[in-house]
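Architecture and fold: a report
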Amino acid sequence: MKNLTFFQKKAKELRKEILTMAFKSQRHHISSSLSIIDVLVVLYWGVLKISPQDHWNLKRDRFILSKGHAASALYAVLADRGFFPKKYLESYGKEGTILGIHPDYGYLAGIELSTGSLGHGLSAGCGMALAAKLDSLNSRVFVLLSDGECDIGTVWEAVLFANQQKLDNLVAVVDYNKFQAFGKVKDVIDLEPFVKKWKAFGWEVREVNGHNFKQLLQATKSVPLKKGKPTVIIAHTVAGKGVSFLENKLEWHYLNLTKEQYKRAISELDNL
Amino acid sequence: MRYAFIQELTKLAAKNKNIILLTADLGFTVFEEFAKKFPKQFFNVGIAEPNMIGIASGLALSGKIVFAYSIASFASFRTYEHIRNDVCLHKAPVIIVGSGAGLSYADNGPTHLATQDLALMRGLPNMTVLAPADPVEAQWATREAARLKSPVYLRLGKKGEPVIYDKTPKLKIGQGNWIKRGSNFVILACGNIVFNALKSAENLEKKGLSGAVISLHTVKPIDKKLIVQLAKNYSHIVTVEEHSVVGGLGSAVSEIIAQIPAKKPEFLISGIKDDFPKKLGSQEYLRKIYGLTPEKLSLRIAKFLKKS
Ligand SMILES: Cc1ncc(C[n+]2csc(CCOP(=O)(O)OP(=O)(O)O)c2C)c(N)n1
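Residues numbered from 1 in each chain as written. Chains lettered and ligands numbered in written order. Predicted model: local features only at pLDDT ≥ 70, side-chain atom pairs only at ≥ 80, totals over all residues. Heavy atoms only, no water.

Under an unreviewed UniProt entry, chain B has the name Transketolase-like pyrimidine-binding domain-containing protein and belongs to Candidatus Curtissbacteria bacterium RIFCSPLOWO2_02_41_11. As stated in UniProt under Sequence similarities (unreviewed entry), the record for chain B gives "Belongs to the transketolase family." (UniProt positions renumbered as here; feature names shortened; annotations may be inferred.)

If you check an unreviewed UniProt entry, chain A appears there as Transketolase N-terminal domain-containing protein from Candidatus Curtissbacteria bacterium GW2011_GWC2_38_9.

**Some points on empty space enclosed by the protein**
All names here are of chain A. Applying the stated rule across the entire model yields 3 cavities of 30 Å³ or more. Counted as a void, the largest cavity has a volume near 90 Å³. If you trace the largest cavity, you find it lined by Y44, I50, H55, W56, R60, D61, F63, L78, F83, G110, I111 and E112. Grouping the amino acids of the lining of the largest cavity by side-chain chemistry returns 7 nonpolar, 2 polar and 3 charged. (1 Å grid on protein atoms, 1.4 Å probe; cavity = no way out; pocket = protein on both sides within 12 Å on 5 of 7 lines; lining within 4 Å. Points joined across faces, edges and corners; volume = space filled by probe spheres on them. Nonpolar A, V, L, I, M, F, W, Y, C, P; charged D, E, K, R; others polar.)

**Focus on the sheet that holds strand β6 (residues 204-209) of chain A**
Residues and elements named next belong to chain A. The 5 strands lie next to each other as β1-β2-β3-β7-β6, forming an open sheet whose pairing is parallel. Only two strands of the sheet have a single neighbouring strand rather than two, namely β1 (62-65) and β6. Each strand axis lies, on average, 20° off the axis of its neighbour in the sheet, ignoring direction. Sheet analysis places β1 next to strand β2 (residues 141-146), joined by 4 bridges and oriented parallel. Its bridge partner being in β2, L65 is matched across the sheet by L144. (Pairing = 2+ DSSP bridges. Helix = DSSP H or I, 4+ residues; strand = E, 2+ residues; numbered from the N terminus. Axes fitted to C-alpha atoms, helices over the stretch in contact; angles between N-to-C directions.)

**Regarding the UniProt feature "domain: Transketolase-like pyrimidine-binding" (unreviewed entry) in chain B**
The residues that UniProt annotates with the feature "domain: Transketolase-like pyrimidine-binding" (unreviewed entry) are residues 1-163 of chain B. Between the C-alpha atoms that bound residues 1-163 of chain B the distance is 10 Å, and the span itself is 42% helix and 17% strand.

**With respect to the UniProt feature "domain: Transketolase N-terminal" (unreviewed entry) in chain A**
UniProt records the feature "domain: Transketolase N-terminal" (unreviewed entry) at residues 24-263 of chain A, using the numbering of this structure. Within residues 24-263 of chain A, the helical portion is 34% and the strand portion 14%, while the C-alpha atoms at the span's ends are 12 Å from each other.

**Considerations on the layout of surface pockets**
Put simply, the largest pocket is a space of about 1000 Å³. Around the largest pocket sit 48 residues that line it, and H28, H29, H253 and Y254 of chain A together with L26 of chain B are the ones nearest its centre. The set of elements that each furnish at least two residues to the lining of the largest pocket consists of α2 (30-47) and β4 (179-180) of chain A together with β3 (65-71) and α4 (72-78) of chain B. Across the lining of the largest pocket, the residue classes break down as 16 nonpolar, 20 polar and 12 charged. Of the voids in this model, the second largest pocket is the one considered here, and its volume is about 260 Å³. As for the second largest pocket, its lining consists of 17 residues, of which S73, F77, P110, T111 and L113 of chain B are closest to the centre.

**Concerning the packing of helix α8 (residues 194-206) of chain B against helix α12 (residues 294-307) of chain B**
Residue and element names in this part refer to chain B. Relative to each other, α8 and α12 sit at 55°, their axes nearing to 8 Å. Relative to α12, the element α8 is oriented oblique. Handedness of the crossing formed by α8 with α12: right-handed. Together, N196, A197, K199, S200, N203 and L204 of α8 and P294, E295, L297, S298, I301 and A302 of α12 make up the contact between the two elements. Taken together, the residues of the contact of α8 with α12 sort by class into 6 nonpolar, 4 polar and 2 charged. (Parallel < 35°, antiparallel > 145°, perpendicular 65-115°, else oblique. Left-handed = near helix turned anticlockwise from the far one by under 90°. Contact = heavy atoms within 4.5 Å.)

**Re the site of the ligand**
Within the structure, the ligand sits among 22 residues, and K67, G116, S146 and D147 of chain A together with E49 of chain B are positioned closest to it. Residue D147 of chain A places a side-chain N or O atom 2.6 Å away from an oxygen atom belonging to the ligand. Contact distances for the ligand include 2.9 Å between an oxygen atom and a backbone N or O atom of G148 of chain A. Coverage of the ligand by the protein amounts to 97% of the 580 Å² it exposes when considered alone. Among the detected pockets, the ligand sits in the largest pocket. Among the elements of the structure, β4 of chain A together with α4 of chain B are those that each provide at least two residues to the shell around the ligand. (Near = heavy atom within 4 Å. Polar contact = N/O pair within 3.5 Å; in protein donor to acceptor, adjacent residues only side chain to side chain. Areas by Shrake-Rupley, 256 points an atom, 1.4 Å probe, with all protein chains shown as cover. Sits in = over half its atoms within 2 Å of the grid points.)

Okay, structure coming up:
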């Protein structure tokens with residue numbers, strides 16, 4: 001078993017990778033990617049049964065990045081995990097790339113669904129989880145949603161379906177960073193009482209600090225939390241987590257890093 | 001075009017309290033002032049585009065004129081049945097505003113490309129489809145859309161589109177606007193690609209090929225009278241759109257030309273081929289791939305004129 005230092009170190013490296021990709025490509029959604037990287041590190045190095053060498057194996061676990069706008073985090077993780085060469089990351093956001101601002105199915109190993117339009121991941125995840133049940137496979141499906149995404153009707157349609165079909169091999173992780181595109185979640189469409197909502201819909205709920213590796217590991221390693229029930233992990237996170245001046249600011253959904261900011265961000269992470 | 005749109009809408013909203021702007025969680029650096037100025041005329045419905053259209057229709061059926069805003073792909077694809085039933089079937093005065101027309105969000109990948117929206121919106125009864133060419137047309141289209149009192153799809157570019165008109169032209173819904181005169185061929189273009197169509201015609205002019213350029217800002221109802229007349233007067237007609245070649249402007253024009261009994265002109269549809277892009281990049285990059293830069297358009301039109 002990997003120890004907590006491993007996860008901390010990995011997350012720090014990948015934060016730097018995300019910032020480098022963002023700076024070199026002058027592309028945005030920085031805060032969205034930094035907000036989920038700890039969750040991804042736990043899933044990809046601690047939980048998911050997947051192998052870059054055998055990435056179409058039907059028995060594999062699935063991970064769907066439903067909040068596709070944080071693709072840079074997923075690319076950084078997949079490259080580091082060996083799904084494709086790291087040098088691909090240099091093409092992110094550049095002319096002729098296959099690494100778009102949102103991930104695209106069919107071009108890179110490890111991308112399970114084309115996302116970018118929010119509100120698709122959990123439905124597709126239901127389908128994959130159901131197929132695994134039908135085929136008597138043990139694979140589990142993890143779907144990472146954003147909080148703003150929970151405004152969307154289809155998310156709740158999928159929530160109902162998963163309960164109806166007792167998809168206990170389905171795990172939703174909500175990146176609850178309290179920000180969406182044009183304001184704070186509570187000012188746009190308040191989700192509270194969030195835990196109660198999921199519970200009322202028949203899901204087994206676990207709330208964690210989405211930057212605490214111990215809590216994340218505990219929650220994700222023990223799924224299904226209850227036999228016969230789909231699991232949701234509500235990860236309380238910080239948009240832009242890890243770099244002080246990027247944290248909890250709406251504008252870092254949109255802005256690009258200047259050279260000075262990039263350097264400052266990297267040195268802040270280095271001095272952690 | 002986004003800024004032209006919100007400037008005009010701000011003027012309209014000040015005069016008419018029944019004008020309402022809904023957004024599905026978009027508008028950073030565009031809507032802040034409007035939201036502050038008109039708190040009872042602005043609502044962020046969250047990331048819930050189909051719900052936004054339903055709300056818009058309810059408001060509209062209760063006397064409001066509703067602008068419902070999102071990125072064009074989400075505003076049109078995700079919402080389609082709500083637009084068809086709640087808006088068009090009821091002739092509700094809802095203006096669906098899709099920003100980021102065509103390849104505007106090229107680097108964001110296929111999910112963000114609005115390259116089938118004209119086809120969808122054109123297919124709906126009672127719908128007026130407006131695809132302004134530049135900020136000047138966008139401002140006019142916003143004003144007209146508010147006056148129509150019926151369903152409108154307003155297809156905007158993103159930001160920083162070049163201005164085509166040095167003085168404000170006389171524009172009318174349903175009537176193409178001549179931007180350039182010419183005798184060898186005529187280009188019918190709409191939306192954010194009109195500028196490139198114009199540039200390509202100017203390139204060809206230098207090579208002795210004289211082409212007219214018309215902005216067909218109203219994709220529906222299409223200017224049938226004009227097209228029939230052009231088919232008589234020109235041997236070669238070209239359409240240019242930043243949209244799939246299936247179902248958009250080229251289709252709309254060809255539907256009319258196909259039904260003309262007399263001898264038909266040679267006809268070229270330029271647009272985006274019926275596929276999802278395999279490689280991504282800037283809008284400019286994908287325009288190159290799909291032959292929609294001025295240079296590529298000129299080459300293609302020159303070849304077309306030579307061959308037929
Ligand atoms: C269906 C849909 N509507 C709108 C958008 C545009 N958009 C991209 S990200 C975003 C919201 C960002 O907030 P959130 O989803 O909470 O993600 P976070 O920034 O917290 O990562 C929106 C509205 C989209 N991608 N998909």
